[in-house]
Amino acid sequence: MMNDRCRDVTLRRLTAGDDAEFLAMLRKAWYAEHPEPCGRLMAEVDWQGCLARATEALVAVDATTGSPLGVILVRVDALDRRPAFNRHRRRAALAGLRLAATRGGARGLAELTAIDLTDRRLLREAVGKRGGRPYPAEIVLFIVAPEARGRGVGGRLFRAAMAYLGEHDVDEYFLFTDTGCDVGFYEHQGLARMAARDLADPGSAYASTFFVYEGRVPPLP
Ligand SMILES: CC(C)(COP(=O)(O)OP(=O)(O)OC[C@H]1O[C@@H](n2cnc3c(N)ncnc32)[C@H](O)[C@@H]1OP(=O)(O)O)[C@@H](O)C(=O)NCCC(=O)NCCS
């Protein structure tokens, strides 16, 4: 259903031509305190790592100008038939190697690794609370350009992701988030917080609490 506040927005699939735009968006949102080229490479590791897991990638664009406003990446486990070390995983590994060889990059790599380990622990905890039942799906990445926030774009992308999950008979999913994100959006959507962990890097301004949330897919209209 079209939301009035974003009637000038359309959705389409992600293309390779969108990479630069969303890399810049991720860098600004989550790696801004890291200097060049460290921050850009961290964003690249993150972006490619997300693409490596996603089975669907939807972009919201300004219907008039065609410029991308936001993206949501979704994963349905049962639909992913790619090899574990797919081309995005290889690109993420390559960006990680370049990051390691960059001045200040070791710290950036350590930060990404610590987040990854924290996320794995969170997921184990959440799955444990469900009696060991794994989640069939994940919202992998969700971001809207700062200037486009608050006018229904994110809501539209989120509903499209739910429709994708519903079409594939998925009724529940998980996602990772942290205090550097708009966690309130997920609370507003009715998702349940399953586990939380603090992660602090005493050598930088970086300190966050990380969460795993669980959501149920609304029935298809
Ligand atoms: C989270 C995000 C994608 C939401 O996109 P958005 O376009 O601003 O969201 P919308 O305007 O479509 O809001 C949809 C609904 O969520 C609510 N909402 C949005 N952000 C919220 C917040 N932080 N807390 C509570 N409610 C929120 C809106 O009020 C709206 O409610 P309504 O449908 O009842 O009117 C966007 O804020 C963003 O990109 N944040 C930075 C990246 C981020 O945190 N990503 C999330 C996970 S890591």
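Just above sits the structure.
First, a word on what this report is: a plain description of the structure on this page. As the structure is a prediction and not an experimental result, all values here were calculated from the model.

## Focus: the overall build of the protein chain
Thought 1: Secondary structure assignment for the protein chain yields six helices and seven strands.
Thought 2: Mapped from its N terminus to its C terminus, the protein chain presents α and β elements in the order β-α-α-β-β-α-α-β-α-β-α-β-β.
Thought 3: Over its C-alpha atoms the protein chain spans a radius of gyration of 17 Å, differing by no more than 12% from the 17 Å that the globule rule assigns to 221 residues.
Thought 4: At a minimum sequence separation of 6, the contacts of the protein chain that also span at least 24 residues come to 72%.
Thought 5: When the accessible area of the protein chain is evaluated, it comes to approximately 11,500 Å², of which 54% is carbon and sulfur surface.

## Some remarks on the layout of surface pockets
Thought 1: A volume near 410 Å³ is recorded for the second largest pocket.
Thought 2: Contributing to the lining of the second largest pocket are 18 residues, with Arg159, Ala160, Met162, Ala163 and Pro218 lying nearest its centre.
Thought 3: Among the secondary structure elements, those contributing two or more residues to the lining of the second largest pocket are α5 (153–167) and β7 (207–216).
Thought 4: No other element matches α5, which puts six residues into the lining of the second largest pocket.
Thought 5: Split by residue class, the lining of the second largest pocket holds 12 nonpolar, three polar and three charged.

## Brief notes about the packing of helix α3 (residues 87–100) against helix α4 (residues 105–129)
Thought 1: Between α3 and α4, the least distance of the axes is 7 Å, while the angle of their chain directions is 140°. Judged on the interaxial angle alone, α4 and α3 are oblique. Counted together, Gly96, Leu99 and Ala100 of α3 and Gly105, Ala106, Gly108, Leu109 and Leu112 of α4 form the full contact between these two elements.
Thought 2: Here the residues of the contact of α3 with α4 are counted per class, giving five nonpolar, three polar and no charged.

Cut-offs and rules
Each residue is numbered by its place in its chain's sequence as written, counting from 1. Selection of residues for local features in this predicted model requires a pLDDT of at least 70, selection of side-chain atom pairs for listing and counting requires 80 or more, and totals for whole chains, interfaces and linings are taken over all residues. Excluded from the side-chain calculations are hydrogens and water; all other atoms, namely the structure's heavy atoms, are used. Under the DSSP-based scheme used, a helix requires at least four consecutive residues in state H or I and a strand at least two consecutive residues in state E, with every element numbered from the N terminus. In this treatment the radius of gyration is a C-alpha quantity, and the globule benchmark scales as 2.2 Å times the residue count to the 0.38 power. The criterion used for residue contact is that any of the two residues' heavy atoms lie within 4.5 Å. In these tables, accessible area is a Shrake-Rupley quantity obtained with a 1.4 Å probe, and a residue counts as shielded only by the protein chains included in the view. Using only the protein atoms, space was sampled on a 1 Å grid; points where a 1.4 Å probe fits but cannot get out form cavities, open sets with protein on both sides within 12 Å along at least five of seven lines form pockets, and lining residues are those with an atom within 4 Å of a point. Grid points are joined across faces, edges and corners, and a volume is the space filled by probe spheres set on the points. We call Asp, Glu, Lys and Arg charged. Ala, Val, Leu, Ile, Met, Phe, Trp, Tyr, Cys and Pro are nonpolar, and the rest, Gly among them, are polar. What counts as an axis is a line fitted to C-alpha atoms, over the stretch in contact for a helix, and the angles between N-to-C directions run from 0 to 180 degrees. Should an angle lie under 35 degrees it is considered roughly parallel, over 145 roughly antiparallel, and from 65 to 115 roughly perpendicular; all remaining angles are considered oblique.

Don't take any of this as a statement about function, it's just geometry.
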